[in-house]
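Here is how the chains run, residue by residue.
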Amino acid sequence: MATTGQVIRCMAAVAWEPRKPLSIEKVDVAPPKAHEVRIKVVASGVCHTDWEYLYEAGRGMNLRPFPLVLGHEAAGVVESVGPDVTKFAPGDKVIPLFLPFCEECDQCKCEKTNLCKKNWENTQAGVLADGTSRISCRGQQVYQFLGISSFCQYTVVPDTSLAKINPKAPLEKVCLLGCGVSTGYGAAVKTGKVEVGSCCAVFGLGAVGLAAIMGCQVAKARRIIAVDINPDKFQKAMEFGATECINPRDYGNKPIQEVLVEKTNGGVDYALECVGSPVTMSAALESTRDGCGTCVISGWTETEWMNVQVIKILMGRTLKGTYFGGWKSARDVPQLVEYYMQKKLKLDEFISHNLPLAQINDAFDLLRNGQSIRTVISLEDF
């Protein structure tokens, strides 16, 4: 391509400081270095984690350096590759990934985990392998959120944090597999291993929670109880496979875990927490059955503590966490794309709004007010 080896000037939504709206700016995106790939971002989902890192910075979330470009749930096309890149070429359709898959470390070789740590500390700090970002604005470095920054028309990512996908896949749909849908679906079918005929409870009905419901349905759970304080989400939950919906506020001061234990004659077999609240995490664990109940935590928080009464574990419950649904990112995401292409996995149904990059702050407002499931931002429409 004509831009290979050149700095690309394009538009991005820049977060200059915490708890302030994003600013649409012209930015410069440098060419990729060794083992890096520059991609043209076509579409990006707006994840609750993006909102949290901006508006809850330092409150349950580790403070990232500013300025930065948010966005981590995306799909695009390879524009150019840096030296020593062998698995990607210009024109490839790809999904960037905040979780790497180097194929070489002990974690990648072990089927029990997906937690590859290649470049982990750097990307968590908003920089790539050499300790710098490839994005700059007004003459200063702009950090890359989780090493991605998909609220930018072009970005550069490590070649171990990228999945090549079916060239026929619609990027404005499969971008959701970069985070939320993969996380919730995997929490049920991969980490939780929900069994046929089981009883499940899903806490939180955002995109992750709805994906968890979808996973429970695919696993042929007999009963799927959706739990949320926003009843406006109940119809969508039923469409995804919930068999009933519960609003904790309908039960006054009675803890939701007690409600669920009574309704299920002893507790659910699987509880999937998709909120990121320590209080909800404890409730989810306590809603499970003695002896064999499993609670999977997929909601995200970094600095908060969960309160667990020891007897709840001693009585045979299992408490598990999941990151990116347990999927080995670059290996498994292409297969999830194929499931969507074969109509075995829903994606279209998650998308409640489509907006251009210029309206990114409107997307955050929709998210904060509980009016959206997933807003997909078009980076081509500006």
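Since this is a predicted model, take the numbers as computed values, not measurements.

### Remarks on the overall build of the chain
At step 1: Helix and strand content of the chain: twelve helices and 18 strands.
At step 2: By the compact-globule yardstick of 21 Å for 382 residues, the chain fits well, its C-alpha radius of gyration being 20 Å.
At step 3: Looking at the chain as shown, the accessible area adds up to about 15700 Å², and 49% of this sits on carbon and sulfur atoms.
At step 4: Across the chain, the mean location of the 41 positive side-chain charges is 3 Å away from that of the 41 negative side-chain charges.

### Things to note about the environment of glutamine 6
At step 1: As for its placement among the helices and strands, glutamine 6 is situated in the segment before β1 (8-15).
At step 2: Looking at glutamine 6, the relative accessible area reads 46%, which means it is partly exposed.
At step 3: With 23 residues separating them in the primary sequence, glutamine 6 and valine 29 have C-alpha atoms 8.8 Å apart.
At step 4: Those residues in contact with glutamine 6 that sit more than four places away from it in its chain are Val29, Pro31 and Arg38.

### Quick word on the packing of aromatic side chains
At step 1: In total, this model carries ten aromatic pairs according to the counting rule given.
At step 2: Ring geometry for tyrosine 55 versus phenylalanine 364: centroids 6.3 Å apart, planes at 80 degrees, classification edge-to-face. Note that tyrosine 55 is positioned in helix α1 (residues 48-55) and phenylalanine 364 in helix α12 (residues 360-368), a separation of 309 residues in sequence. We note that tyrosine 55, like phenylalanine 364, is buried.
At step 3: Centroid distance phenylalanine 98 to phenylalanine 324: 5.4 Å. Interplanar angle 80 degrees. Geometry classified as edge-to-face. Here phenylalanine 98 is found in the loop between β6 (93-96) and α2 (106-109), whereas its partner phenylalanine 324 is found in the loop between β16 (318-321) and α11 (329-341), with 226 residues between them in sequence.
At step 4: You can call phenylalanine 98 buried: its relative accessible area is 7%.
At step 5: For phenylalanine 324, a relative accessible area of 2% gives the class buried.

### What to know about the pairing of strand β17 (residues 351-356)
At step 1: Relative to strand β18 (residues 374-378), β17 is paired through five bridges, and the arrangement is parallel. The residue of β18 that forms the bridge with proline 356 is serine 378.
At step 2: As for the winding sense of the linkage, the β-α-β connection from β17 through α12 to β18 is right-handed.

### A short note on the UniProt feature "domain: Alcohol dehydrogenase-like N-terminal" (unreviewed entry) in the chain
At step 1: The positions that UniProt labels "domain: Alcohol dehydrogenase-like N-terminal" (unreviewed entry) are, in the present scheme, residues 34-166.
At step 2: Between the end C-alpha atoms of residues 34-166 there is a gap of 25 Å, over a span that is 13% helix and 31% strand.

### Some details on the side chain of serine 329
At step 1: Relative to the helices and strands, serine 329 resides in helix α11.
At step 2: Residue serine 329 is classed as buried on the basis of its relative accessible area of 1%.
At step 3: Excluding anything up to four places from it in sequence, serine 329 contacts Leu97, Leu99, Pro100, Phe101, Phe324 and Pro334.

### Overview of the domain arrangement of the chain
At step 1: With domains assigned, the chain is organised as domain 1 (181-325) and domain 2 (349-381).
At step 2: Just the C-alpha atoms count here: the centres of domain 1 and domain 2 sit 26 Å apart.
At step 3: The interface is formed by nine residues belonging to domain 1 together with five residues belonging to domain 2.
At step 4: Across the domain 1 to domain 2 interface the summed buried area is about 600 Å²; carbon plus sulfur atoms make up 76%.

### A few points about the sheet that holds strand β13 (residues 244-246)
At step 1: If you walk across this open sheet you meet the six strands as β13-β12-β11-β14-β15-β16, and the pairing is parallel. A strand with exactly one partner marks an edge of an open sheet, and here the two such strands are β13 and β16. Each strand of the sheet is rotated relative to its neighbour by a mean of 20 degrees, with strand direction disregarded.
At step 2: Both strand β15 (residues 294-297) and β16 contribute to a ladder of four bridges, which runs parallel. Within the sheet, the bridge partner assigned to cysteine 295 lies in β16 and is leucine 319.
At step 3: Of the strands in this sheet, β11 (199-203), β12 (223-227) and β14 (270-273) are in contact with helix α6 (residues 207-218), which crosses β11 at around 170 degrees.

### Description of the pairing of strand β5 (residues 73-81)
At step 1: Burial runs high along β5: seven of the nine residues are buried.
At step 2: Alignment of strand β3 (residues 36-45) against β5, held across eight bridges, turns out to be antiparallel. Residue pairing in the sheet places valine 37 in a bridge with valine 81 of β5.
At step 3: Note: β5 against β6, two bridges, orientation antiparallel. Residue pairing for β6: glycine 76 is matched across the bridge by valine 94.

Quick notes on the rules
Residues numbered from 1 in each chain as written. Predicted model: local features only at pLDDT ≥ 70, side-chain atom pairs only at ≥ 80, totals over all residues. Heavy atoms only, no water. Helix = DSSP H or I, 4+ residues; strand = E, 2+ residues; numbered from the N terminus. Rg over C-alpha atoms; globule rule 2.2 N^0.38 Å. Areas by Shrake-Rupley, 256 points an atom, 1.4 Å probe, with all protein chains shown as cover. Lys, Arg positive; Asp, Glu negative; His and termini not counted. Charge placed at Lys NZ, Arg CZ, Asp CG, Glu CD. Buried < 20%, exposed > 50% of the residue type's maximum accessible area, 1.4 Å probe, protein only. Contact = heavy atoms within 4.5 Å. Phe/Tyr/Trp six-rings, centres within 6.5 Å; stacked < 30°, edge-to-face > 60°. Pairing = 2+ DSSP bridges. Right-handed = clockwise from strand over helix to strand, strands pointing away. UniProt positions renumbered as here; feature names shortened; annotations may be inferred. Domains from an automatic or database assignment. Buried area = accessible area lost by both parts, 1.4 Å probe. Axes fitted to C-alpha atoms, helices over the stretch in contact; angles between N-to-C directions.

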